[in-house]
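# Per-entry structural report
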Amino acid sequence: MKSYKIEGVILRTVDFGDANRVVTIYTRDFGKIEVNAYGCRRAKNPLSGALQMFNHISAEINHGAKLDSVKEADVIKFYPNLTADIERLAYSSLFFEIVNRMTLPKFPEGGVYDLILKTLPALDEKNCRIAALIGIFQFMEFSGVQLNYFHCVHCGAEIETDAALSFIDGGAVCMNCVDAAQGVLSYPKNLREAVFKILNFDWHEHLNFNPKEINAAEKIILKYVQSIIGKELNAVKFIRQIETL
């Protein structure tokens, strides 16, 4: 049986049968792939420790008739706080769910892979909510459906003051064009400045953001992503549940 080697990060796992698991991995060379991991949920199986959510792994994959399968896997880096802390688990799951839902199988994008590796340490060690938000905004720039935040999508003018935002029209709308836009939302200057800071954030910096701006930016991006997907994200439901605890 022919095999190939991969390096990647585990986006999603789904258990099936008594001890098996389907693992979704975003890889450096092949983009998103889905593989079977037979027997990996057995404690003594050599795959059991490696094939966990959020792990950065290297693996050897066997080609299969319908779905490839994991032959061997080793952990390059794991992030213990992501599963030990419920808030970190929730926000990490949010970022990973969006990446998983909005990437195509076997369509490699080096920028997405690099972004995942930059986001993971921040989710593990810093403010997980802000890290997830920055990761989502920056990921959407690779999605093909990113909004234009800084120029009016109708007339092309640079947005310099308070404006509107339209998901239907594809982004910012200046006040001269707002009557022609569909489904507009408020897009004040301070929110635009926060989005600019988020999109240009250097992951070596401190996560220093105004809480009000974070709330407004999070509301915008999650509403937009869920409008594309067509339903509420599972991780959003999870976050709402833990906020009531």
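So, about the pattern of salt bridges. Enumeration according to the criterion identifies seven salt bridges in this entry. With a closest N to O distance of 2.9 Å, E97 and R101 form a salt bridge. With a gap of four residues between them, E97 and R101 both fall in helix α2 (residues 86-101), about one helical turn apart. One network of salt bridges, with partners in common, ties together D15, R21 and R41.

So, on to the side chain of E97. Residue classification places E97 among the buried positions, given a relative accessible area of 13%. In terms of polar contacts, E97 uses its side chain to reach the backbone amide nitrogen of N234, at 3.0 Å. If we ignore the near neighbours within four places in the chain, the residues touching E97 are L233, N234 and A235.

Throughout the structure, instances matching the rule amount to zero disulfides. Here C152 stays free of any disulfide, with the sulfur of C174 as its closest cysteine sulfur at 3.7 Å.

This paragraph deals with the nonpolar core. Counting 66 residues, the largest nonpolar core has L94, I98, I116, F137, F139, Y149 and I221 as its most contacted members. With ten residues, the top contributor of residues to this core is helix α4 (residues 128-140). Of all hydrophobic cores here, the second largest spans 17 residues; its members include Y4, A37, I57 and V70.

What follows covers the sheet that holds strand β4 (residues 56-62). With mixed pairing, the five strands of this closed barrel are ordered in space as β1-β2-β3-β5-β4. The average angle at which neighbouring strand axes cross in this sheet is 50°, direction not considered. Of the pairings in the sheet, the one linking strand β1 (residues 3-16) to β4 comprises seven bridges and is antiparallel in character. Bridge pairing links K5 to E60 in β4. Contacting β1, β2 (20-27) and β3 (31-37), α2 crosses the sheet at an angle of about 115° to β1. Contacts between helix α3 (residues 110-125) and the sheet are confined to β1, β2 and β4, with β1 contributing the most and set at about 60° to the helix.

The rules we used
- Residues numbered from 1 in each chain as written.
- Predicted model: local features only at pLDDT ≥ 70, side-chain atom pairs only at ≥ 80, totals over all residues.
- Heavy atoms only, no water.
- Salt bridge = Lys/Arg side-chain N within 4 Å of Asp/Glu carboxyl O.
- Helix = DSSP H or I, 4+ residues; strand = E, 2+ residues; numbered from the N terminus.
- Buried < 20%, exposed > 50% of the residue type's maximum accessible area, 1.4 Å probe, protein only.
- Polar contact = N/O pair within 3.5 Å; in protein donor to acceptor, adjacent residues only side chain to side chain.
- Contact = heavy atoms within 4.5 Å.
- Disulfide = S-S within 2.5 Å.
- Core = buried A, V, L, I, M, F, W, Y, C linked by side-chain atoms within 4.5 Å.
- Pairing = 2+ DSSP bridges.
- Axes fitted to C-alpha atoms, helices over the stretch in contact; angles between N-to-C directions.

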